[in-house]
Amino acid sequence: MASGLAELKSFASTLFHSPAAPVNAAVSCSVDGALPMQTVEPVTFRPRAEGGEVLSFVQEGVTRYACLNLPAQAAQPGSAGRKWPLLIHLHGSRATPASLYSLGKALFALHDTAALSSDPEVQGFIVLSPMGRRARPAGALSGTGFHWDEWYRNPTANLDALAIDHFLDEVVARGLVDTSRIYVFGWSNGAYMAALYGMWRANRIAAIAQYAGGNPWTRLPCPVPMTWTRKVPIALMRNLCDALVPYSASQEWIETLQAQDWPFEYQSLDLHGAATAPDATPPDRSSKLRGLYEHVRWPDRAAFEKALAFLGRHPLPPSGGDQLSG
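Residues numbered from 1 in each chain as written. Predicted model: local features only at pLDDT ≥ 70, side-chain atom pairs only at ≥ 80, totals over all residues. Heavy atoms only, no water.

1. Description of the packing of helix α3 (residues 159–172) against helix α4 (residues 189–200)
Running from N to C, α3 and α4 cross one another at 65 degrees; their axes reach a closest spacing of 11 Å. In terms of axis orientation, α3 runs roughly perpendicular to α4. In this structure, the crossing between α3 and α4 has a hand that is right-handed. Contacts between α3 and α4 pair Asp-160, Ala-161, Ile-164, Asp-165 and Leu-168 from the former with Met-193, Tyr-197 and Trp-200 from the latter. (Axes fitted to C-alpha atoms, helices over the stretch in contact; angles between N-to-C directions. Helix = DSSP H or I, 4+ residues; strand = E, 2+ residues; numbered from the N terminus. Parallel < 35°, antiparallel > 145°, perpendicular 65-115°, else oblique. Left-handed = near helix turned anticlockwise from the far one by under 90°. Contact = heavy atoms within 4.5 Å.)

Structural data, given as structure tokens:
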């Protein structure tokens, strides 16, 4: 709890002292939403990879980074020839890949043991945690910091999507990945980017998990129509009291998915990050501090186990995705 409160205080301090650009400020919108976000120096810095390694490459003059963590089984004798599922982790705004090792430790602890594979002899999954870029997007509530450019919805030109592509290709080339079980999970800003990336790369991404996120196509300041090539399954974990992704936003996303007959499931989380009744509603009275705490406090282990079980039930279809729409 102490480390979580420290993370909350740090997050709240930067949020209150670095307000976002007003959403009604002059913003150029197009069929792709907002223009590509403008970065701020230093755009990136080398993250730490707890128990893993740091990957890097240069993209248009900027060094992009990612952390890679293999499951413990990959280092054991006799593991040669095995392939593991891979989970792409996308951090939230003002966070880095290291948030997985602190706030997300309940999820990280499962990467050595969770059964995401169809092979009962395969234990755990690979975690690839790319790093966003420092910027001050017009639509970001948390101001200047590391972000994923979810507001620029061009699947072939979005630099963050292309960076994820690069790191994914690099890891797959090592021959350790079960390419029928590549999943993407994101928190907050990363949750919105996870939904975009998962649907943009529907021929590679088997399923999506979101925590504290919603519909990326309706995000201000430039909402655009929702499009997809395959209904990539989604596991959504939402807070009942969330200062940055309010109940109304997650409920709108749930209702949108239901209307589309989308393959998805959702969990509503209580103050402690545990799943509560699906029809639970927000508390009658709630402070902004509680809303920030719930946004920063990640789901508990049981909630993650349920989300991972959903992912495990949804490998990539053999066709790669021919369910056209939009």
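2. Focus: the confidence of the model for the chain
Across the chain, pLDDT averages 90, with 90% of residues at or above 70. Taken together, the stretch residues 16–24 has pLDDT below 50 and engages in 19 contacts with residues farther than four places along the chain or on a different chain. Across residues 322–326, where pLDDT falls below 50, the model places 8 contacts with residues more than four positions away in sequence or in other chains. (pLDDT = per-residue confidence, 0-100.)

3. Structural notes on the sheet that holds strand β4 (residues 62–69)
A sheet is described by the order of its strands in space; here 8 strands give the open sequence β3-β4-β6-β5-β9-β10-β11-β12, paired in mixed fashion. Strand pairing shows two members of the sheet lacking a second neighbour, β3 (53–59) and β12 (264–269), which therefore form its edges. Here the average twist between neighbouring strands, direction ignored, is 20 degrees. One ladder, built from 6 bridges, connects strand β5 (residues 84–90) with strand β9 (residues 177–187); its direction is parallel. Residue pairing for β9: Leu-90 is matched across the bridge by Gly-186. Sitting on the sheet, helix α7 (residues 301–312) is in contact with β5, β9, β10 (207–211), β11 (234–239) and β12, with an inclination near 175 degrees to β12. (Pairing = 2+ DSSP bridges.)

4. Overview of the pattern of salt bridges
Per the stated rule, a full pass over the model turns up 11 salt bridges. A salt bridge links Asp-160 to Arg-64; the shortest N-O distance between them is 2.9 Å. With a gap of 96 residues between them, Asp-160 in helix α3 and Arg-64 in strand β4 connect regions that are remote in the sequence. Judged by its relative accessible area of 0%, Asp-160 is buried. For Arg-64, a relative accessible area of 1% translates into the label buried. Its salt-bridge partner being Arg-201, residue Asp-165 comes within 2.8 Å of it at the nearest N-O pair. You can see Asp-165 sitting in helix α3 and its partner Arg-201 sitting in the loop between α4 and β10, a full 36 residues away along the chain. For Asp-165, a relative accessible area of 14% gives the class buried. Where salt bridges share partners, they join Arg-64, Arg-133 and Asp-160 into one cluster. (Salt bridge = Lys/Arg side-chain N within 4 Å of Asp/Glu carboxyl O. Buried < 20%, exposed > 50% of the residue type's maximum accessible area, 1.4 Å probe, protein only.)

5. What about the state of the cysteines?
What the rule picks out here adds up to 1 disulfide. Between the sulfur atoms of Cys-29 and its disulfide mate Cys-222 the distance is 1.9 Å. Measuring handedness by torsion sign, the sulfur bridge of Cys-29 and Cys-222 sits at about -70 degrees and is left-handed. With Cys-29 in strand β1 (residues 29–30) and Cys-222 in the loop between β10 and β11, this pair connects stretches of sequence that are 193 residues apart. Residue Cys-222 is classed as buried on the basis of its relative accessible area, which comes to 3%. (Disulfide = S-S within 2.5 Å.)

6. Observations regarding empty space enclosed by the protein
If a probe the size of a water molecule is rolled over the atoms, the empty space left behind becomes visible. For the coordinates displayed, the defined rule picks out 2 cavities of 30 Å³ or more. Counted as a void, the second largest cavity has a volume near 40 Å³. Along the walls of the second largest cavity sit Leu-87, Leu-107, Phe-185, Ala-209, Phe-304, Ala-307, Leu-308 and Leu-311, which together make up its complete lining. Counting residues per element, the lining of the second largest cavity draws most heavily on α7, at 4 residues. (1 Å grid on protein atoms, 1.4 Å probe; cavity = no way out; pocket = protein on both sides within 12 Å on 5 of 7 lines; lining within 4 Å. Points joined across faces, edges and corners; volume = space filled by probe spheres on them.)

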